[in-house]
Amino acid sequence: MRKLKSILCTLACGVLLSACGVSEGSVVQESADSVVDNMALAVTLDITVGGEESVSIPDPAQAGETISVVLQEDINKYEFREKYINDEISESEYDKKYTQYESRLYTDLSFAGFENKVLVTSFAVGTVTKKDSSTANIHYVNDGKEDTISGNCLALHVVDGMKTDMVQDDENDDENDDENYILIIDYANKTFYKTKTNFFLNGYWYWMDMQFADLTGDGFDELLIQHCYNKSIDAEAYRYDEDNHGLKKIYSTWEEDGLEEKFTFYGILKDNYKLEVGVKEIGFSEEISLLEISRYKAEDFEIHEKDDGDLGEWVYKLWKDGKIQKKDLLGEEPEVYLYTTDDVSVKKNADGIPELIIVQPVMVNHRSFWAGNLYRHLQYDEETDGFVVAGAEFKKPQPYDEEEMEDGTED
């Protein structure tokens, strides 16, 4: 029988919400004792998001063909306060209302092995092991939106052991002994799959994004998980492991996991204010003129005898008579490097093959000198059960228009 593969991955076809994380070493895999049954009946998930009810998630072993689920949505603490400041309520009333919101995030998931109530945040709906006519009807209470999507599995981010935000001291976050999990509840097969994740919550705001999508091309969903932490996006990907009836991590941007794609980026500054960028493994390279993408003229890139390291322009003054120099005004060798990850997305290429697309800015000598973005196209490799770089492209900024700048129309 053909192996079923479903990947859970953390940048956004499923339902999106949002958290972030730090790895804990090996992945813990758990599932219920029941075995996936391809003859399982289709189900209907009626999901309410937001409102005054607490999170409620039925045990899949006891659920019928129609399952009612209650979830909450992420409400940034400061945005939450703004809502009530406009109503001119007191600080104590604000604290009370926010504490009530926090309390609604906790629920009993003892069927999945959690002894105490746990915090449930981000979610997604998809199909991990079996395609059928199952649907999820999602009602967003706060804005009145309705959505209906296909799927019989509910993915959740679960935090076990987290204190409430009102009593948690952010300066003592390292002392928290909470553990973070990805839980997929397979209602069609009346089972669940559970694994620890690198991602953790920073307070109760900025939840992670979770997205079900077919990343392997086998027709079943995997889950992409991503979170923006300290201005950079991290991501994880898992698939359903038929042999162990659990989840297997197949992609991660966390260095300690050793699952990130292998690639060698290079950037070379050349004479006449040129820049070449490339990825060695796939033979990709592209050359651009820095004069075309910046507001500076050739004279501004030139080193003069009177220049010294105190000038703000030391970042750009790297050439002399159009020849690239080995040292900048601070005596350091100029460098070209990739900065923080700006975006992670899933798209099919022209041949219908799903790809993970990773976007990172290319910086010259300093993070204030942006030269454009490198897009890496990753594809699943069945032999290694991971992702490899299948393509790349470099998108440079729009040519600088001095008239637009004077008109104040440029961002």
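This one's a predicted model, so the numbers in the text were calculated from it and none came from an experiment.

1. A word on the overall build of the protein chain
Now for step 1: Across its full length, the protein chain holds 5 helices and 26 strands.
Now for step 2: Counting over 411 residues, the protein chain shows a buried share of 51%.
Now for step 3: Approximately 20000 Å² of the protein chain is accessible, and the part contributed by carbon and sulfur atoms is 43%.

2. Describing the packing of aromatic side chains
Now for step 1: Inspection of every chain in the model, using the stated rule, returns 13 aromatic pairs.
Now for step 2: Relative to Tyr181, the ring of Phe114 lies with its centre 5.2 Å away and its plane at 80 degrees, an arrangement referred to as edge-to-face. With Phe114 in the loop between strand 5 (106–107) and strand 6 (118–126) and Tyr181 in strand 10 (residues 179–186), the pair connects residues that are 67 residues apart, well separated along the chain. Accessibility assignment for this pair places Phe114 and Tyr181 in one class, buried.
Now for step 3: The ring of Phe114 carries Lys194 above its face, with NZ or CZ at 4.1 Å from the centroid.

3. What about helix 2 (residues 91–103)?
Now for step 1: With 13 residues, helix 2 extends 18 Å from end C-alpha to end C-alpha; this agrees with the ideal 18 Å at 1.5 Å per step.
Now for step 2: Inspection of helix 2 places Tyr94, Tyr98, Tyr101 and Glu102 among the buried residues, and these make up the whole buried set. Down the axis of helix 2, the buried set is contained in an arc of 100 degrees. They therefore lie on one face.

4. Re the environment of Asn189
Now for step 1: Inspection of the secondary structure assignment puts Asn189 in the loop between strand 10 and strand 11 (191–196).
Now for step 2: For Asn189, a relative accessible area of 6% translates into the label buried.
Now for step 3: Sequence separation between Asn189 and Cys153 is 36 residues, and the spatial gap between their C-alpha atoms is 9.2 Å.
Now for step 4: Side-chain polar atoms of Asn189 contact the side chain of Thr129, separated by 3.0 Å.

5. Concerning the pattern of salt bridges
Now for step 1: Inspection of the entire model under this criterion finds 13 salt bridges.
Now for step 2: Where Lys270 meets Glu287, a salt bridge forms, and the shortest distance between an N and an O atom there is 3.0 Å. Taken as a pair, Lys270 in strand 17 (residues 265–270) and Glu287 in strand 19 (residues 284–289) lie far apart in primary sequence, 17 residues in all.
Now for step 3: Judged by its relative accessible area of 43%, Glu287 falls in the partly exposed class.
Now for step 4: Salt bridges sharing common partners tie together Lys270, Lys274, Glu276 and Glu287.

6. Here's the deal with the pairing of strand 8 (residues 146–150)
Now for step 1: Bridge count between strand 7 (residues 135–140) and strand 8: 5 bridges; the pairing is antiparallel. Directly across from Thr135, in strand 8, lies its bridge partner Ser150.
Now for step 2: Where strand 7 folds back on strand 8, the antiparallel hairpin that results is connected by 5 residues, among which Gly144 adopts a positive phi of roughly 75 degrees.

7. So, the sheet that holds strand 3 (residues 44–49)
Now for step 1: In space, the 4 strands of this open sheet follow the order 4-3-7-8, with mixed pairing throughout. Whereas interior strands pair on both sides, the edge strands pair on one side only; in this sheet they are strand 4 (66–71) and strand 8. Adjacent strand axes in the sheet meet at a mean angle of 20 degrees, parallel and antiparallel pairs treated alike.
Now for step 2: As paired elements, strand 3 and strand 4 share 6 bridges and run parallel to each other. When the sheet's bridge partners are listed, Asp46 is paired in strand 4 with Ser68.

8. A look at the sheet that holds strand 16 (residues 246–252)
Now for step 1: An order of 13-14-15-16 is seen for the 4 strands of this open sheet, with the pairing classed as antiparallel. Since the sheet does not close on itself, it has two edges, and those belong to strand 13 (209–213) and strand 16, each with one partner. This sheet shows a mean twist of 25 degrees between the axes of neighbouring strands, independent of strand direction.
Now for step 2: Examined bridge by bridge, strand 15 (residues 232–241) and strand 16 share 6 bridges and lie antiparallel to one another.

9. Some remarks on unusual backbone geometry
Now for step 1: Phi at Lys190 is positive, roughly 55 degrees, even though this residue is not glycine.
Now for step 2: Note on Lys190: relative accessible area 37%, which makes it partly exposed.

10. Side note on the environment of Asp59
Now for step 1: Summarising the element assignment, Asp59 is placed in the loop between strand 3 and strand 4.
Now for step 2: When near neighbours in sequence (up to four residues on either side) are disregarded, Asp59 contacts Phe111 and Tyr187.
Now for step 3: Among the polar contacts listed, one links the side chain of Asp59 to the backbone nitrogen of Ala61, at a separation of 2.9 Å.

11. Section: the nonpolar core
One broad trend across soluble globular proteins is that nonpolar side chains are buried collectively.
Now for step 1: Core analysis: the biggest nonpolar cluster contains 30 residues, and Ile47, Ile57, Leu71, Leu154, Leu156 and Tyr187 have the highest contact counts within it.
Now for step 2: Those elements that place two or more of their residues in this core are strand 3, strand 4, strand 6, strand 7, strand 9 (153–160) and strand 10.
Now for step 3: When residues of this core are assigned to their parent elements, the largest contribution, 4 residues, is made by strand 6.
Now for step 4: If we ignore the near neighbours within four places in the chain, the residues touching Tyr187 are Val43, Leu45, Ile57, Pro58, Asp59, Pro60, Ala63, Ile67, Val69, Asn152 and Leu154.

12. Brief notes about the pairing of strand 16
Now for step 1: Most of strand 16 is tucked away: 6 of the 7 residues are buried.
Now for step 2: Where strand 15 folds back onto strand 16 in an antiparallel hairpin, the turn is made up of 4 residues, including His245, whose phi is positive at roughly 50 degrees.

Reading guide: rules and limits
- Residues numbered from 1 in each chain as written.
- Predicted model: local features only at pLDDT ≥ 70, side-chain atom pairs only at ≥ 80, totals over all residues.
- Heavy atoms only, no water.
- Helix = DSSP H or I, 4+ residues; strand = E, 2+ residues; numbered from the N terminus.
- Buried < 20%, exposed > 50% of the residue type's maximum accessible area, 1.4 Å probe, protein only.
- Areas by Shrake-Rupley, 256 points an atom, 1.4 Å probe, with all protein chains shown as cover.
- Phe/Tyr/Trp six-rings, centres within 6.5 Å; stacked < 30°, edge-to-face > 60°.
- Lys NZ or Arg CZ within 6 Å of the ring centre and 35° of its normal.
- Expected span 1.5 Å × (residues − 1).
- Arc of directions from axis to C-beta.
- Polar contact = N/O pair within 3.5 Å; in protein donor to acceptor, adjacent residues only side chain to side chain.
- Salt bridge = Lys/Arg side-chain N within 4 Å of Asp/Glu carboxyl O.
- Pairing = 2+ DSSP bridges.
- Axes fitted to C-alpha atoms, helices over the stretch in contact; angles between N-to-C directions.
- Contact = heavy atoms within 4.5 Å.
- Core = buried A, V, L, I, M, F, W, Y, C linked by side-chain atoms within 4.5 Å.

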